[in-house]
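Next come the chains, spelled out residue by residue.
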Amino acid sequence: MASIGIQDVFVIEAIGTVTRLLGAPLLVAALVYLIKQRALPKPTVPLVWMFVFFAYCTLSVFWSIDPSTTASRLQTSVQLMVMVGCLWIVTTSQARLNDIAFAYLAGVGYAVASLVALIVSLGDASAAFSRLSLGSFNPNYLANTMACGLPLAWYLVVKHRSPLVRAASLLLIPSIVVGVLSTGSRGGLLAALVGCSFVLVTLTSAHRRYRWAVLAMVISAGVVAMDVLPAQTLERLASTAPALTEGDLNSREDIWRIGFLAWGERPWFGSGFGTFPAAITPYAGAARSPHNTFMNALVAMGIVGLALALLAFYSVLFYTSQLPKFERMLIGALLLMMFMGHSANDNMYSKFTWFTHTWILSAQTIWSREARRTLFEKHHVVSPSNASS
């Protein structure tokens, strides 16, 4: 899972991104688990909605306005479905959940270190850039990938038993702040603010020494970023509020307006999975990216597809009421960050999107099981006197 953070940094000819290559061990681990257990883990309702959504995307090839594009996108869909299934199969315990989170953070840490090295190597030349990225990574995707590491890192600081893992996760938090800011992504900045807010709101969940350390580190990271990042990057980040309240979000509003016109032609079932660019071409004069996951779902898969996408992403919220406060807030923070990313970018085909949502589902299942066990033990304690009688 470390490869999620570097998926577009390394691209191997004839294979693709490094994530595709490193996904093989995950598939093997899932198969080994199935052979040992001789049974699939019981799926939860949110997981079922994910696979119903994938199935609906597949069926859309029969009414697609561009069947070849839909078929091509379905290849990505199959890969994502396999990844979701494998992750669900292998993530069966708290220890596995922590290991996967730390592996993801390792990839994020590599991306952050690479960005810092890029800034250092550019030196004064970095002033000519308003945005930095790695490989073929879109700066917005990279920023959101790193930003989601903030709540996960704090979760490991609070919950992991290993002092080394807690220390590494703590050091990563300010590094992620610098990494997100260096991309110049305004959406990434907002996501990072949500992540930092989660840390602040749950400060009392951590040991006292970690509370003061993380506060000092985040403040220091902000000061360092102000000093080393190019002026153009800082100016772009400073324009976040005006862009939201006064601007057109880099012409996104125009694209969404056109998207609603295209949706009106096929309101219920859409134009077919992956066909948003083709659907709006008659209205926009050219193929355009939707810059919004929900708009993509609405136009390409209609009201039915959008409803299934929302259930796939957010039905987990209906199953968090029994969770402890910290775990409930962690899931809420991650889902809010994902919602913000979906609202400003098209993340429908992103491995990062489906990895994060699957990790949330696995976490909710494991924590709910533990909460039920704790509740059962609380109400069914057998005292020594009763046991002897």
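About the criteria used
- The residue numbering used here restarts from 1 in each chain and proceeds along that chain's sequence as written.
- Reporting of local features is limited, given that this is a predicted model, to residues whose pLDDT is at least 70; pairs of side-chain atoms are given and counted only at 80 or more, and all residues count toward the totals for whole chains, interfaces and linings.
- The side-chain values count all of the structure's non-hydrogen atoms but skip hydrogen atoms and water molecules.
- Numbering of helices and strands runs from the N terminus; a helix is a DSSP stretch of H or I covering at least four residues, while a strand is a stretch of E covering at least two.
- Partly exposed describes any residue whose relative accessible area lies between the buried limit of under 20% and the exposed limit of over 50%, with all areas from a 1.4 Å probe on protein chains only and scaled to the type maximum.
- When a carboxyl oxygen of Asp or Glu is within 4 Å of a side-chain nitrogen of Lys or Arg, the pair counts as a salt bridge.
- Think of a nonpolar core as a cluster: buried Ala, Val, Leu, Ile, Met, Phe, Trp, Tyr and Cys residues, connected wherever their side-chain atoms sit within 4.5 Å.
- Residues are treated as being in contact if the distance between any of their heavy atoms lies within 4.5 Å.
- Stacked, tilted and edge-to-face pairs are distinguished by plane angle, under 30 degrees for stacked and over 60 for edge-to-face with tilted covering the rest, among Phe, Tyr and Trp rings (Trp via its six-membered ring) whose centres lie within 6.5 Å.
- In our convention, an over-ring charge means Lys NZ or Arg CZ found within 6 Å of a ring centre and within 35 degrees of that ring's normal.
- For a helix, the expected span equals 1.5 Å multiplied by the residue count minus one.
- One confidence number per residue, pLDDT, is output by the predictor and ranges from 0 to 100.
- Fitted lines through C-alpha atoms serve as axes, helices being fitted only where they are in contact, and the angles separating the N-to-C directions of these axes extend from 0 to 180 degrees.
- By the definition adopted for this analysis, an angle is roughly parallel if under 35 degrees, roughly antiparallel if over 145, roughly perpendicular if from 65 to 115, and oblique otherwise.
- Gly falls in the polar group here, along with every residue not listed as nonpolar (Ala, Val, Leu, Ile, Met, Phe, Trp, Tyr, Cys, Pro) or charged (Asp, Glu, Lys, Arg).
- To count toward a patch, a residue needs a relative accessible area over 30% and no salt bridge; like charges are then connected within 9 Å, while nonpolar side chains (Val, Leu, Ile, Met, Phe, Trp, Tyr) are connected within 5 Å.
- To measure how exposed things are, a 1.4 Å probe is used in the Shrake-Rupley method; for residues, cover is taken only from the protein chains shown.
- Any N or O atom pair separated by 3.5 Å or less is treated as a polar contact, with the protein-specific requirement of one donor-capable and one acceptor-capable atom, and with residues adjacent in sequence counted only for side-chain atom pairs.

**Some remarks on the overall build of the chain**
Alright, step 1. The helix and strand tally for the chain stands at 17 helices and two strands.
Alright, step 2. Classification of the 389 residues of the chain by burial places 48% in the buried group.

**What about the pattern of salt bridges?**
Alright, step 1. The tally for this structure, following the rule as stated, stands at four salt bridges.
Alright, step 2. Put simply, lysine 159 and glutamate 327 hold a salt bridge, and the shortest N to O gap is 3.3 Å. Residue lysine 159 is located in helix α6 (residues 149–159), and its partner glutamate 327 is located in helix α15 (residues 325–344); the two are separated by 168 residues in the primary sequence.
Alright, step 3. Under the relative-accessibility criterion, glutamate 327 is labelled buried at 9%.

**A short note on the nonpolar core**
Alright, step 1. Of all hydrophobic cores here, the largest spans 96 residues; its most connected members are Phe53, Met146, Trp154, Met301, Trp354, Trp359 and Trp367.
Alright, step 2. Ranked by residue count, the leading element in this core is helix α14 (residues 293–314), at 11 residues.
Alright, step 3. Apart from the residues lying within four places of it in its own chain, the contact partners of tryptophan 154 are Leu170, Ile173, Phe198, Val199, Thr202, Leu203, Ala206, Tyr210, Val214 and Phe326.
Alright, step 4. Formed by nine residues, the second largest nonpolar core is a distinct cluster that contains Ile258, Ala262, Ala279 and Val299.

**Here we look at the packing of aromatic side chains**
Alright, step 1. Enumeration over the complete set of coordinates arrives at 17 aromatic pairs.
Alright, step 2. Plain terms: the ring middles of phenylalanine 53 and tryptophan 354 are 6.0 Å apart, the flat faces sit at 25° to each other, and that makes the pair stacked. Taken together, the residues span a long stretch of sequence, with phenylalanine 53 in helix α2 (residues 45–59) and tryptophan 354 in helix α16 (residues 351–379) at a distance of 301 residues.
Alright, step 3. When its relative accessible area of 1% is taken as the criterion, phenylalanine 53 is described as buried.
Alright, step 4. Taking relative accessible area as the criterion, tryptophan 354 reaches 1% and is therefore assigned buried.
Alright, step 5. With centroids separated by 6.1 Å and ring planes inclined at 75°, the aromatic side chains of phenylalanine 313 and tyrosine 314 adopt a geometry described as edge-to-face. Judged on exposure class, the residue phenylalanine 313 and its partner tyrosine 314 are both buried.
Alright, step 6. By the ring-pair criterion, three or more aromatic residues cluster together here, those being Phe51, Phe53, Phe54, Phe294, Phe313, Tyr314, Phe339 and Trp354.
Alright, step 7. Taking the ring centre of tyrosine 349 as reference, the NZ or CZ of arginine 73 above it sits at 3.7 Å.

**Here we look at α6**
Alright, step 1. The buried fraction of α6 is high, at 10 of 11 residues.
Alright, step 2. Those residues of α6 lying buried are Gly149, Leu150, Pro151, Leu152, Ala153, Trp154, Tyr155, Leu156, Val157 and Val158.

**Let's talk about the environment of isoleucine 280**
Alright, step 1. Within the fold, isoleucine 280 resides in helix α13 (residues 276–284).
Alright, step 2. Residue classification places isoleucine 280 among the buried positions, given a relative accessible area of 1%.
Alright, step 3. Linking isoleucine 280 and isoleucine 255, residues 25 residues apart in sequence, is a C-alpha distance of 8.6 Å.
Alright, step 4. What isoleucine 280 contacts, discounting residues up to four positions off in sequence, is Ile258, Gly259, Ala262, Gly285, Ala286 and Arg288.

**Digging into the side chain of threonine 353**
Alright, step 1. For threonine 353, the location among the structural elements is in helix α16.
Alright, step 2. Taking the relative accessible area as the measure of exposure, threonine 353 reaches 0% and is therefore buried.
Alright, step 3. Filtering out sequence-adjacent residues up to four positions away, threonine 353 remains in contact with Phe313, Met338, His342 and Asn347.

**Re unusual backbone geometry**
Alright, step 1. One non-glycine residue, histidine 291, lies in positive phi territory at about 55°.
Alright, step 2. The residue histidine 291 is located in the loop between α13 and α14 in this model.

**Quick word on α2**
Alright, step 1. Helix length check: α2, at 15 residues, gives a terminal C-alpha distance of 21 Å against a target of 21 Å (1.5 Å per residue), a fit within 8%.
Alright, step 2. Along α2, the residues classified as buried are Pro46, Leu47, Met50, Phe53, Phe54, Tyr56 and Cys57.
Alright, step 3. If you follow the buried residues of α2, they end up packed against α3 (67–90), α14 and α16.

**Describing the confidence of the model for the chain**
Alright, step 1. In this model, the chain carries an average pLDDT of 87, and 87% of its residues clear a pLDDT of 70 or more.
Alright, step 2. Low pLDDT, under 50, characterises residues 385–389; the stretch is placed with one contact to residues that sit more than four places away or in other chains.

**Description of the packing of helix α5 (residues 139–147) against helix α8 (residues 186–201)**
Alright, step 1. Where α5 contacts α8, the two axes come as close as 8 Å, and the packing angle between them is 10°. Between α5 and α8, the angle falls in the class roughly parallel. Between α5 and α8, the residues in contact are Ala143, Asn144 and Ala147 and Gly187, Gly188, Ala191 and Ala192, respectively.
Alright, step 2. Here the residues of the contact of α5 with α8 are counted per class, giving four nonpolar, three polar and no charged.

**Describing the environment of serine 114**
Alright, step 1. Inspection of the secondary structure puts serine 114 in helix α4 (residues 94–122).
Alright, step 2. Along the primary structure serine 114 and leucine 134 are separated by 20 residues, whereas in three dimensions their C-alpha atoms are 7.7 Å apart.

**What to know about a nonpolar patch on the surface**
Alright, step 1. Together, Leu59, Phe62, Trp63, Trp268, Phe269 and Ile303 give the surface a local cluster of nonpolar side chains, amounting to about 680 Å² of exposed area.
Alright, step 2. Tracing the sequence through the fold places tryptophan 268 in the loop between α12 (252–263) and α13.

**A short note on the side chain of asparagine 292**
Alright, step 1. Locating asparagine 292 in the fold gives a position in the loop between α13 and α14.
Alright, step 2. On the basis of relative accessible area, asparagine 292 is assigned to the buried category, the value being 10%.
Alright, step 3. A polar contact of 2.9 Å, which involves the side chain of asparagine 292, links it to the backbone nitrogen of methionine 295.
Alright, step 4. Beyond its immediate sequence surroundings of up to four residues, asparagine 292 is in contact with Trp256, His342, Ser343, Asn345 and Asp346.

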